[in-house]
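Structure assessment
Here are the chains, one letter per residue:
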Amino acid sequence: MSTATCPIVGCRLSVDIVLKSSDGALVGSHKANLDSFGDAFPSTHQSPIDMSEIESTLKILMRFIHPGSHPDVSRLTSRELFSLAYAAEKYKIRDAMTVCSRHIMGLVEKYPVRSLGYAVKCNYPKLANVAAPWTVFRDPTTMKKVLKEARSLCAWLEYKLDFVGKYCQQLSIPVEAYTGVADLSQCLAWEKYHSGVLAKFSAMVQGGPSPVHTEKHGDIFDVEIPVCSRWNCICKMAGGGRLQLEDVKRTWKGRVLDEMKKNQSIFTTSFLNTSDGTG
Ligand SMILES: [Zn+2]
Ligand SMILES: [Zn+2]
């Protein structure tokens, strides 16, 4: 029929089933291993089996059905990793599912949108909640592409609205309440800085294909403090001049971020139904 070989170097098991990748390659495998390491493999009565994964994904996946051959997934590209993760879920290759979901948990900050999409599709509520905060400054169009289903997108929109509402509330509390400094309401420099932060926040909430760094919530505060034009302002009388406002800015940022952490929004995962294997 074909001369497909097992991709695992040194494997001595006989090839009794052939998988055909979506890009046309034939990958040899073993019925008994597929049955014992996975729970949802397509029927092995027919060979070759048409698979929807590409050759490289199948080859990595096959390593998980050979004891002692598990690959180091940290060496995979993000594309390889997510393809493997989805294939592992589809065929219920348990070891691969565990390894991939744990590894993705550690990459959430780097790939928040894809991680959330994977978490929702594959029922990992804990991972969804870790990934969600990193996606709040994304736009619905981007999220729709990964979340796909209406209920997931609704859950994300609810999450984003709740998060944005809480953040707005925190940003509108007068800075004095947080930092204990004297009244800065008359300081023109602080007023301009504060409006700058609000404008930046508003622009980020609009979302869009933002670069990775704008997903860090603390970046909102990175707006330059202008020179105060009130000659007798408290920011000058206090002796430190602009330097003192930089201190206020740092303290304010720390406090707002702390409050947001304490008061985290929850990504509703009640529509997910299986237990979370990510720990
Ligand atoms: Zn083999
Ligand atoms: Zn001032």
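All values derive from a computational prediction rather than experimental measurement.

Quick look at the overall build of the protein
- Across its full length, the protein holds twelve helices and three strands.
- Looking at the protein residue by residue over its 279 residues, the buried ones come to 32%.
- Long-range pairs, those at least 24 residues apart, make up 66% of the contacts in the protein with a sequence separation of at least 6.

Observations concerning helix H4 (residues 94–105)
- Taking 1.5 Å of rise per residue, twelve residues should cover 16 Å, and H4 covers 17 Å from first to last C-alpha, within 8% of that figure.
- Within H4, burial applies to Ala96, Met97, Val99, Cys100, Ser101 and Ile104.
- Elements in contact with the buried residues of H4: helix H2 (55–63), helix H3 (78–91), helix H5 (112–121) and helix H6 (125–131).

Observations concerning the environment of Tyr91
- Tracing the backbone through its elements, the reader meets Tyr91 in helix H3.
- Along the primary structure Tyr91 and Leu34 are separated by 57 residues, whereas in three dimensions their C-alpha atoms are 9.3 Å apart.
- Those residues within four positions of Tyr91 in sequence are excluded, and the remaining contacts are Gly38, Ala40 and Phe41.

Side note on H3
- Given a rise of 1.5 Å per residue, 14 residues ought to cover 20 Å, and the 20 Å separating the end C-alpha atoms of H3 matches this to within 8%.
- Those residues of H3 not exposed but buried are Leu81, Phe82, Ser83, Leu84, Ala85, Ala87, Ala88 and Tyr91.
- Packed against the buried residues of H3 are H2, H4 and H5.
- Positive backbone phi, at 55°, marks Lys92, one or two positions downstream of H3.

Topic: the packing of H2 against H3
- Running from N to C, H2 and H3 point in directions that differ by 65°, and their axes come no closer than 9 Å. Like other packed secondary-structure pairs, H2 and H3 cross with a definite hand, here right-handed. Contacts from Ser56, Thr57, Ile60 and Leu61 of H2 reach H3 at Glu80, Ser83, Leu84, Ala87 and Ala88.
- Of the residues contributing to the contact of H2 with H3, the split by class is five nonpolar, three polar and one charged.

Looking at the packing of H3 against H4
- Relative to each other, H3 and H4 sit at 140°, their axes nearing to 9 Å. Taken together, the axes of H3 and H4 are oblique relative to one another. For the crossing formed where H3 meets H4, the hand is left-handed. Here H3 contributes Leu81, Leu84, Ala85, Ala88 and Glu89 to the contact with H4, which in turn contributes Ala96, Met97, Cys100, Ser101, His103 and Ile104.

What to know about the nonpolar core
- Counting 51 residues, the largest nonpolar core has Leu61 and Ala88 as the members making the most contacts within it.
- Broken down by element, this core gets its largest block of residues, seven residues, from H3.
- Beyond its immediate stretch of four places on either side in the chain, Leu61 contacts Leu84, Ala87, Ala88, Ile93 and Ala96.
- Ala189, Trp190, Val248 and Trp252 belong to the second largest nonpolar core, which has twelve residues in total.

Considering the pairing of strand E2 (residues 26–29)
- Here strand E1 (residues 17–20) pairs with E2 via four bridges, running antiparallel. Within E2, the position partnered with Ile17 by the bridge is Ser29.

Topic: the environment of Ala87
- Mapped onto the elements, Ala87 comes out in helix H3.
- The spatial distance from the C-alpha of Ala87 to the C-alpha of Glu53 is 7.3 Å, given a sequence separation of 34 residues.
- Residues in contact with Ala87, not counting those within four places in the same chain, are Glu53, Thr57 and Leu61.

Calculation rules
- Residues numbered from 1 in each chain as written.
- Chains lettered and ligands numbered in written order.
- Predicted model: local features only at pLDDT ≥ 70, side-chain atom pairs only at ≥ 80, totals over all residues.
- Helix = DSSP H or I, 4+ residues; strand = E, 2+ residues; numbered from the N terminus.
- Buried ≥ 20, exposed ≤ 12 C-beta atoms within 10 Å, placed from the backbone.
- Contact = placed C-beta atoms within 7 Å.
- Expected span 1.5 Å × (residues − 1).
- Axes fitted to C-alpha atoms, helices over the stretch in contact; angles between N-to-C directions.
- Left-handed = near helix turned anticlockwise from the far one by under 90°.
- Nonpolar A, V, L, I, M, F, W, Y, C, P; charged D, E, K, R; others polar.
- Parallel < 35°, antiparallel > 145°, perpendicular 65-115°, else oblique.
- Core = buried A, V, L, I, M, F, W, Y, C linked by C-beta atoms within 7 Å.
- Pairing = 2+ DSSP bridges.

Keep in mind that these numbers describe shape and distance, not what the molecule does.
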